[in-house]
Structures are given as C-alpha cells and as structure tokens.
Amino acid sequence: MEIFMDLVEKNGLIMGFLVIGMIVAFSELFSKKVLNSKIPGSAIAIFLGLVLGYLGGVFTGGEKGLADIAIFKGVGTLGGAMFRDFAIVATAIGASFYLVRKAGLLGMISLFFGIGLFFFMGVVLAYAWGYRDAASLCTIGAGACTYIVGPVTGAAVGATSEVIALSIAAGVVKTIAVTIITPIAANKIGLNSPQSAMAFGGLMGTSSGVAAGLAATDPKLVPYGAVTATFYTGLGCLICPSLFYILLGMFF
Amino acid sequence: MKIIYGVALLALSYLIGQWLGVFFGTLLGINANVGGVGFAMIILMLFKEWFVKNNWMSTDMDLGVDFWNKMYIPVVIAMAASLNVKSAVSTGTLAIVAGAVPVVAAFFVFPMILKNFHKN
C-alpha cells in the first residue's frame with residue numbers, strides 16, 4: 001500500500017487522467033441508464049466535479065477542493081490555469097474566424113453590458129448587506145464579475161482581506177451558478193448559435209463557467225463563448241478599480 | 001511524428017497570446033492578463049487559415065491540436081473538482097447572493113441583448 005501511495009504521489013498528473021476518466025465513465029453511464037440521456041453526461045460529470053470539490057474541502061479544510069487530498073493532487077494540475085487555458089485555446093481550431101468577426105460587435109456590446117450589470121448589482125447587494133465605504137462596495141461588485149477581478153480590484157483600492165475573501169467567494173459562486181444554469185436555460189434564451197454564444201460569453205464573463213456551461217449544452221459553442229469571455233476578466237480588472245471606483249467615490 | 005507540429009503550433013499561439021495579454025496589462029498599468037487567452041485563440045485561428053491556404057496542414061498536425069480541443073471538457077471537470085466550493089458556499093449569505101442573483105438577472109437580460117443587437 002505504501003509503495004502504491006508513493007507511486008501515485010510521484011505520478012500525480014497521470015493519476016489525474018485516471019480519476020477524471022473514471023468520473024466521466026461513471027457520469028456517462030449514469031446519464032444513459034438512470035436519466036435516459038435527458039441530461040448530458042458532461043453536465044453530470046462537471047456537477048460531480050463540483051460535489052467532489054466540496055467534499056475535498058470538507059475533509060481537508062484546504063482551498064483546492066479534491067486536489068488537497070494527496071492522491072488526487074494531479075487533478076489540481078490537470079484542472080489548473082495552464083492546462084485550462086491551453087485546452088481553451090485549442091477549442092479555437094473548430095471555430096471559424098469569419099463567424100467571430102461577424103459577431104464581433106455583438107460580443108463587444110455584451111462585454112461592456114455584462115461587466116456593468118454584474119458590478120452594479122454586486123454593489124447594490126453589498127449596500128443592502130450594510131457595506132457603506134467605496135472600497136468594500138467596489139471590491140464586492142468586482143467579485144460579482146469574476147473571482148479574479150475581485151481580488152485584483154480589492155488590492156488596487158485597498159479593501160480589507162475579509163472583503164477580498166468575500167469577493168473571491170462571490171466569483172466562485174458565480175462560476176458554479178453559470179455552470180449549472182446554462183444547460184438548463186440554453187433553449188429558452190435562444191443560446192443555440194455561434195453568434196449567440198459569443199454574446200453569452202461576453203455577458204456572463206466567467207470563462208470557466210461559460211465554457212463549462214456551454215460544454216454541457218453543446219460543445220460546438222464552446223470556442224465562441226470562450227473567445228469573448230476571456231476578455232471579460234481583463235476588461236473588468238481595467239475598469240472596476242478605475243472608472244467604477246471613481247464613480248462610486250462620488251456617492252460614498 | 002508530425003503530430004508535434006500541431007501541438008507546437010498550439011503552444012506558439014498560446015504563448016504569443018498570453019504575452020500580448022500581459023503586455024497590454026502592463027501597458028495599461030494593471031497587474032493582470034488582459035484577454036491573453038482570447039488573443040491566443042484569434043492567433044490560432046489566423047495560423048490555421050494561413051496553413052490551410054498554403055496546404056501545410058496534415059491530418060497528423062490536426063490531431064495534435066484536436067487532442068487538446070477534445071481534452072477540454074475533462075480539464076473543466078478537473079477544474080470543477082479543484083475549486084474551493086466549500087468556502088464559496090459557506091462564507092455567508094452575501095457571497096452566495098452576490099454571486100448568484102446577478103447571474104439569474106443576466107439570463108433574463110440575455111434575450112433582450114440578442115433581440116436588439118443581433119443582425120442576421
């Protein structure tokens with residue numbers, strides 16, 4: 001047993017491939033046999049991933065979900081920023097540059113609209129919860145955009161660490177919410193074409209949530225949603241601590 | 001062996017894109033990557049058009065990129081499993097409300113944006 005554990009720890013990433021393979025196999029089987037393929041296997045697998053991430057946090061008290069358990073460390077490598085971004089970029093191979101250019105304006109409009117919407121709703125909710133200073137309001141509003149915009153903004157405007165942690169948590173909740181709601185709502189909101197996926201990516205922003213949600217809806221839409229969503233965090237980091245902070249400063 | 005050309009092309013696009021993202025971030029005075037992945041995706045699309053036009057793409061080369069394209073969902077599952085889900089659901093009501101309520105609102109706004117700005 002000790003030899004086995006040692007082997008697994010030395011080959012973390014390989015173990016990660018095996019673990020994810022098993023999660024996918026289980027989810028596909030569950031989708032086919034129990035749910036009559038009503039919910040796609042990928043959606044179940046992503047949801048199951050979140051559940052395992054929760055359990056990992058409960059057992060270890062750490063910050064990286066399942067990856068905090070030593071033998072599952074490789075899952076964290078496979079799901080880390082490097083592989084995630086590399087695989088997102090690879091999805092562009094299936095996208096048509098012509099369609100991206102055609103939907104460029106629509107994507108840009110949704111991008112600005114999305115950041116404004118999430119930021120100001122976040123600010124209003126933080127206000128309702130009793131925060132009154134511009135730095136805290138701005139940081140929580142930024143956290144409602146993504147879990148990267150939150151801490152970047154918080155550090156720039158000098159928010160307390162408690163508020164920064166809160167903004168990260170809000171961003172992670174957002175990612176989870178988008179992941180779960182997208183496949184359920186896709187049909188009703190007209191999310192079914194490359195153009196609509198680009199608008200969706202710009203509006204929602206969280207590139208992991210958008211990509212996971214679209215993957216569970218229709219994998220062909222992933223590159224189009226991802227190409228706009230990836231600009232969201234950068235644009236958010238740009239305007240939340242500057243323009244939006246100055247705007248808030250006029251009122252608080 | 002040509003499969004590595006595909007992976008290398010993907011790596012080149014990735015690195016140029018990330019570099020552009022960090023470059024623009026520094027230029028704008030914020031310590032963040034501004035759309036690096038988005039730039040990388042556009043660069044890869046342009047490379048592909050150029051390679052196809054010159055007949056430089058081969059099946060093996062396509063496979064090198066396509067492997068990572070298809071690995072995308074498994075990587076997302078791994079990512080979901082390594083998120084700090086527990087703290088996200090237990091930091092208190094504001095984190096959950098501020099994270100979820102705007103998302104629900106955005107799902108209602110989305111059809112309006114499509115209706116007003118989407119031209120066929």
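Fair warning: this is a prediction, and the values are worked out from it, not measured in the lab. What you see as residue numbers is a count from 1 along each chain, following the sequence as written. Naming scheme: in the order in which they are written, chains are lettered from A and ligands are numbered from 1. Local features in this predicted model are restricted to residues whose pLDDT is 70 or higher, and side-chain atom pairs enter the listing and the counts only when it is 80 or higher, whereas totals over whole chains, interfaces and linings include all residues.

Focus: the overall build of chain B
For clarity, the threshold we go by: Here a helix means four or more residues in a row that DSSP labels H or I, a strand means two or more in a row labelled E, and each is numbered from the N terminus. Radius of gyration: C-alpha atoms only; globule rule: 2.2 Å multiplied by the number of residues to the exponent 0.38. Residue burial is a threshold on neighbouring C-beta atoms within 10 Å of the residue's own C-beta, all placed from the backbone, with 20 or more meaning buried, 12 or fewer meaning exposed, and counts in between meaning partly exposed. For the purpose of contact definition, each residue receives a C-beta atom placed from its backbone, and two residues are in contact when these atoms lie within 7 Å.
Within chain B one finds six helices and zero strands. Going from N to C terminus, chain B has its helices and strands arranged as α-α-α-α-α-α. Taken against the 2.2 N^0.38 rule, which gives 14 Å for 120 residues, the C-alpha radius of gyration of chain B at 20 Å runs more than 25% over that of a compact globule. Across its three principal directions, the C-alpha atoms of chain B cover 55 × 40 × 35 Å. Split into buried and exposed, the 120 residues of chain B put 49% on the buried side. Across chain B, the fraction of contacts at a sequence separation of at least 24, relative to all contacts at a separation of at least 6, is 53%.

Some remarks on the interface of chain A and chain B
With 89 residues of chain A at the contact, the number on the chain B side is 65 residues. Sorting elements by how many residues they give to the side of chain A that touches chain B places helix α10 (residues 161–185) of chain A first, with 13 residues.

Re the environment of T182 of chain A
Along the chain, the position of T182 of chain A falls in helix α10. Those residues in contact with T182 of chain A that sit more than four places away from it in its chain are G213, L214, A216 and T217 of chain A.

Quick notes on helix α6 (residues 93–117) of chain B
Just so we agree on the cut-off: Any helix carries an expected span of 1.5 Å times its number of residues minus one. The reported bend at a residue is simply the angle between two axes, fitted to the 7 residues ending at it and to the 7 residues beginning with it.
End to end, α6 of chain B covers 35 Å across 25 residues, agreeing with the expected 36 Å (1.5 Å per residue, within 8%). Along α6 of chain B, the largest kink reaches about 30° and is centred on F108 of chain B; proline P111 of chain B follows within four residues of it. Turning to α6 of chain B, its buried residues are L94, A95, A98, G99, P102, V103, A106, F107, F110, I113 and L114 of chain B. Looking at the buried positions of α6 of chain B, the neighbouring elements they touch are α7 (104–128), α8 (134–145), α10 and α11 (194–204) of chain A together with α5 (85–90) of chain B.

Section: the environment of D62 of chain B
Residue and element names in this part refer to chain B. Positionally, D62 belongs in helix α3 (residues 59–70). Between the C-alpha atom of D62 and that of V34, which follows or precedes it by 28 residues, the distance is 28 Å. With near-sequence residues (within four places) excluded, D62 lies in contact with G6 and M57.

Here we look at the nonpolar core
Applied cut-off: As used throughout, a nonpolar core is a set of buried Ala, Val, Leu, Ile, Met, Phe, Trp, Tyr and Cys residues joined through C-beta atoms within 7 Å of each other.
Residues V89 of chain A together with V76 of chain B are the most contacted members of the largest nonpolar core, which totals 132 residues. Among the elements that take part in this core, helix α13 (residues 222–249) of chain A stands out by supplying 15 residues, more than any other. Those residues in contact with V76 of chain B that sit more than four places away from it in its chain are I46, S208, A211, A212 and A215 of chain A.

Quick look at the packing of helix α5 (residues 81–91) of chain A against α3 of chain B
Operational definition: Every angle, taken between N-to-C directions, lies between 0 and 180 degrees, and every axis is a line fitted to C-alpha atoms, over only the stretch in contact when it is a helix. Should the near helix be turned anticlockwise from the far one by less than a right angle, the crossing is left-handed, and should it be turned clockwise, the crossing is right-handed. Residues are grouped as follows: nonpolar covers Ala, Val, Leu, Ile, Met, Phe, Trp, Tyr, Cys and Pro; charged covers Asp, Glu, Lys and Arg; every other residue, Gly included, is treated as polar.
The N-to-C vectors of α5 of chain A and α3 of chain B enclose an angle of 120°; their axes lie 7 Å apart at closest approach. Pair α5 of chain A / α3 of chain B crosses with left-handed handedness. On the side of α5 of chain A, the interface is formed by F86, A87, A90 and T91 of chain A, while α3 of chain B contributes V65, W68 and N69 of chain B. Grouping the amino acids of the contact of α5 of chain A with α3 of chain B by side-chain chemistry returns five nonpolar, two polar and no charged.

Section: the confidence of the model for chain A
In plain terms, the rule: Values of pLDDT, ranging from 0 to 100, describe the predictor's confidence in every residue of the model.
Averaged over every residue, the pLDDT of chain A is 88; the share at 70 or more is 99%. Mean pLDDT per element in chain A: helix α6 (residues 97–102) of chain A is the minimum at 78, and α8 of chain A is the maximum at 94.

Re the environment of Q18 of chain B
Residue and element names in this part refer to chain B. Secondary-structure assignment places Q18 in helix α1 (residues 3–27). Sequence separation between Q18 and A98 is 80 residues, and the spatial gap between their C-alpha atoms is 30 Å. Setting aside residues no more than four positions away along its own chain, Q18 makes contact with N33, G36 and A40.

Details of the confidence of the model for chain B
This prediction gives chain B a mean pLDDT of 86; 94% of its residues lie at or above 70. In the predicted complex, the global pTM is 0.78; the interface-specific ipTM is 0.87.

Focus: unusual backbone geometry
With a phi close to 65°, N55 of chain B is a non-glycine residue in the positive phi region. Positionally, N55 of chain B belongs in the loop between α2 (36–53) and α3.

A word on helix α12 (residues 207–217) of chain A
Of all eleven residues making up α12 of chain A, eleven are buried, and the element is well covered by its neighbours. Among all positions of α12 of chain A, only S207, S208, G209, V210, A211, A212, G213, L214, A215, A216 and T217 of chain A are buried.

So, the packing of helix α9 (residues 149–157) of chain A against α13 of chain A
All names here are of chain A. Where α9 contacts α13, the axes come no closer than 9 Å and their chain directions differ by 35°. Here the hand of the crossing between α9 and α13 comes out right-handed. Side by side, α9 and α13 meet where V149, V152, T153, A156 and V157 of the first sit next to T233, G236, C237, C240, P241 and Y245 of the second.

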